[in-house]
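Spelled out, the chains give:
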Amino acid sequence: MRSTSIMIVGVGGQGTLLTSRILGTVGISTGTDVKVSEVHGMSQRGGSVVTYVKMGDKVHSPIIEKGEADILLCFEELEALRWIDYAKKDASIIINTQRIDPMPVITGKAKYPENIVEKIKADYPNVVTVPALELAEACGSIKAVNVVMIGVLAKRTDIAEETWLDAIRKTVKPQFVDLNIEAFKKGYSL
Amino acid sequence: MKQLMLGNEAIARGVYEAGAKVASAYPGTPSTEITEYIAEYDEIYSEWAPNEKVALEVAIGASVGGARATCAMKHVGLNVAADPLFTAAYTGVNGGLVIFVADDPGMHSSQNEQDTRLIARAAKVPVLEPSDSQECKDFTRKAFEISEQFDTPIIVRLTTRVAHSQGLVELGEREDIPLKPYAKDPGKYVMMPAMARKRHVVVEERLEKLTEYSNETPLNHIEWGDRKIGVITSGIAYQYAKEAFGNASFLKLGMVYPLPEKLIREFAAGVETIYVIEELEPFIEDHCLKMGIPVKGKALLPLIGEYNANLIRERILGQKAEKLNNIEEEVPVRPPVMCPGCPHRGLFYVLKKLKLTVTGDIGCYTLGTLAPLESMDTCVCMGASVGMAHGMEKAMGRDAARKTVAVIGDSTFIHSGITGLIGIVYNKGTSTVVILDNSITGMTGHQHNPTTGFTIKGEPTRQVDLVKLCQAVGVDRVRVCDPFDLETLEKVIKEEVAADEPSVVIAQRPCALLKHVKFNGALRIDREKCTRCKMCMRLGCPAIVDRGTHVEVNPALCVGCDLCTKVCRFNAFERVGGDHA
């Protein structure tokens, strides 16, 4: 049974919900069972957020557990570290090299860990880093970080590029389609 | 063609297909989207009620009037709506009446972890529990049928993972359900003692019939597999158990109250060891034990928090998931924070500065509890801030009231703060209540409420005037203030807590996430001027960070609300690209 488990981790407000919507749309068009699980509410206010996307012949649990993720899509470095146990050993780990200090770091009660990417690379062979914020800015909006990241992810699946572009067209507001497609291509070319 | 739908969206679709006509609700995570999606169907009248009690009463009225009716709420909302629920169980229904209640195991966005099944049992109301989006839709349609067949309100219980997971759903057509005729029937609908005594008999007889139904309905069914292990489960726990146990035998319960005793006995007789897998309370387990069936559940699995397949594998099968890395790094927690530009930040900065005791309430502003603002002292339930401030004054004396304020949001004040304020006036209290009026219901994701002037459909409507409302209940000192005008706000709060009569301060500024709210663009810090006194960091703005050698603004987060410029004594903040930007 072929199945793919994708975990999206980041900080509330980074647009992970749109990401999961696009991934879900892609999932449907692959003709398999799909479940997407996300948490709304308080954590969306700058908290740690995680979304699970599972595709396969039959998906029971909507959540991904430790050691199960085929792809770990990280919108922020500290969040990559927080959820790293969920990745399979050979998972594609895609990390946006953006740092958002959590309040305990801002108030000096905790330290932001150093060299996160190196530490993860020491244990996992397939780690890609993405300067998604700069790439999104180059497309005209820092809000497109999420779609840049989807582009990077898309390249690492065997789902056709056109399927992804279709999903973006179906999901984002018409006035933002061009910007998002450009952002996707920036990520896809990495 | 199947569609990917959130559990809550599938519920709304089920309500639509079942031909329902009226939906009323108060928002509450994780139930909010049910009513938001219902509002997209013009065939259904939908509304935001001031609170869950009113919402349920509206739905009961619509049902008595002959329509299929519904209301949705989170678990703690059912406490508010418990009064009508317990007696609606006696009156029964005319049109089908389905109540959606979303529990929040793990407390992603809640103040407690209560289990709705226990309340339903106390109210003697049947409960269905779907385990994915397709079942959300199918069970909703079934719930309306059961409600009408047995003349009872019925609860569909969700949990966060079902409500907020998307799964594939096969859509159907809307049934054409005509309005049932309404006939005056005081014996059924007027619950005075003489009538209620008769209706209680009906309720008990109905429960027996529902138990029979529970044994027969395909909502409850056995999936025979390996007979060594038998699993009794329902809802999201079914999905976790399927992953953990694979080919074991399952008794999957879609109707969890009343429980199917015959079916449970049949299942128990067919397997060697029986486990009950259910999040939160041992509801199914206790019932099985009472029946004399030796099941294992909470002795192995926790009463607290969410489950997952790994947890079940570890606790029951003794298979612990292997750690795949050598990373032992301490990861700092990332609690939610008030957004950049949040109007609440100004208020809590001032309250902390004045060292006041703050009785708090439910909403985004509960985040005022966390460092560095750390100004909230209590948070219990919707509206509690007002009554608790009054209680503290009565216990600790008038001087305490001079050092105490209640803080409550606009929507929460309408929900259940007004009654507390009336209590203060009537009982000669002197408390100060601060209403955080941000023009929207914020935490649940921007729903309109009676103070915003718009309905759920975005149509203009009569807006509650908070000033007049507070004056009308007898508060003579009502003042309106911008929470970003720190100087004035401080002065006003000082005066009002000192006053020997009740007072209300309305801190008015719209939520920073509202589309019409525009700021001036990101700021940066001029390092020449900055003395690193860190006054700005006391605001708890996630965009201002201390890099050790210097303090800087994160341009990706800063919206340019300029609150920091008001606390900086060295004029160190400047707009990126100059003030014309």
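For the structure given in this document, a descriptive report is provided here. Bear in mind the structure is a predicted one, so any value in this text is a computation, not a measurement.

Attention now moves to the overall build of chain B. Counting its regular elements, chain B contains 21 helices and 23 strands. A compact globule built from 581 residues would reach a C-alpha radius of gyration of about 25 Å, and chain B, at 27 Å, matches this within 12%. Structurally, chain B occupies a C-alpha span of about 80 × 70 × 50 Å along its principal axes. Out of the 581 residues in chain B, the part that is buried amounts to 60%. Sequence-distant contacts in chain B: of pairs separated by 6 or more residues, those separated by 24 or more amount to 75%.

So, on to unusual backbone geometry. With an omega of 5°, the peptide bond between Thr-29 of chain B and Pro-30 of chain B qualifies as cis. One can find Pro-30 of chain B in the loop between β2 (22-25) and α2 (32-38). Residue Pro-258 of chain B is reached from Tyr-257 of chain B by a cis peptide bond, and omega for that bond is -10°. Mapping Pro-258 of chain B onto the fold places it in the loop between β12 (255-257) and α12 (261-270). The phi angle at Asn-115 of chain A is positive, at roughly 50°, despite the residue not being glycine.

So, about the sheet that holds strand β9 (residues 220-223) of chain B. Adjacent strands of a sheet pair through backbone hydrogen bonds, lying either parallel or antiparallel. All names here are of chain B. Pairing is mixed in the open sheet, where 5 strands are placed in the order β9-β11-β10-β13-β14. Both outer strands of the open sheet, β9 and β14 (295-296), are each paired with one neighbouring strand and no more. In this structure, strand β13 (residues 273-277) lies alongside β14, joined through 2 bridges in parallel fashion. Bridge pairing links Tyr-275 to Lys-296 in β14.

Once that is clear, we can look at the packing of helix α11 (residues 235-245) of chain B against helix α14 (residues 309-317) of chain B. Residues and elements named next belong to chain B. Put simply, α11 and α14 touch, their axes get as near as 8 Å, and they point 55° apart. Judged on the interaxial angle alone, α14 and α11 are oblique. Where α11 crosses over α14, the handedness of that crossing is right-handed. Touching Tyr-240, Ala-241, Glu-243, Ala-244 and Phe-245 of α11 are Ala-309, Ile-312, Arg-313, Ile-316 and Leu-317, all from α14. When the residues that make up the contact of α11 with α14 are grouped by side-chain class, the tally is 8 nonpolar, no polar and 2 charged.

Core analysis: the largest hydrophobic core is formed by 131 residues, its most contacted members being Met-7, Ile-93 and Ile-120 of chain A together with Ile-232, Phe-245 and Ile-277 of chain B. At 7 residues, α11 of chain B tops the list of elements feeding residues into this core. Formed jointly, this core draws a minimum of three residues from each of two domains, domain 1 (2-173 + 187-216) and domain 2 (220-317) of chain B. Non-local contacts of Ile-120 of chain A, meaning those with residues more than four positions away in its chain, are made with Ala-80, Leu-81, Ile-84, Ile-93, Ile-95 and Val-127 of chain A together with Ile-327 of chain B. Counting residues in each nonpolar core, the second largest holds 66 residues, with Val-337, Ala-389, Val-434 and Ile-544 of chain B among its members.

Our focus in this paragraph is the packing of helix α1 (residues 7-17) of chain B against helix α7 (residues 133-150) of chain B. Residue and element names in this part refer to chain B. It is the contact of α1 with α7, at a shortest axis distance of 7 Å, that shows an interaxial angle of 35°. In terms of crossing hand, the pair formed by α1 and α7 is right-handed. Here Gly-7, Ala-10, Ile-11, Arg-13, Gly-14, Val-15 and Glu-17 of α1 lie close against α7, whose contacting residues are Ser-133, Cys-136, Lys-137, Thr-140, Arg-141 and Phe-144. Counted by class, the contact of α1 with α7 contains 5 nonpolar, 4 polar and 4 charged residues.

The rules we used
- Residues numbered from 1 in each chain as written.
- Chains lettered and ligands numbered in written order.
- Predicted model: local features only at pLDDT ≥ 70, side-chain atom pairs only at ≥ 80, totals over all residues.
- Heavy atoms only, no water.
- Helix = DSSP H or I, 4+ residues; strand = E, 2+ residues; numbered from the N terminus.
- Rg over C-alpha atoms; globule rule 2.2 N^0.38 Å.
- Buried < 20%, exposed > 50% of the residue type's maximum accessible area, 1.4 Å probe, protein only.
- Contact = heavy atoms within 4.5 Å.
- Pairing = 2+ DSSP bridges.
- Axes fitted to C-alpha atoms, helices over the stretch in contact; angles between N-to-C directions.
- Parallel < 35°, antiparallel > 145°, perpendicular 65-115°, else oblique.
- Left-handed = near helix turned anticlockwise from the far one by under 90°.
- Nonpolar A, V, L, I, M, F, W, Y, C, P; charged D, E, K, R; others polar.
- Core = buried A, V, L, I, M, F, W, Y, C linked by side-chain atoms within 4.5 Å.
- Domains from an automatic or database assignment.

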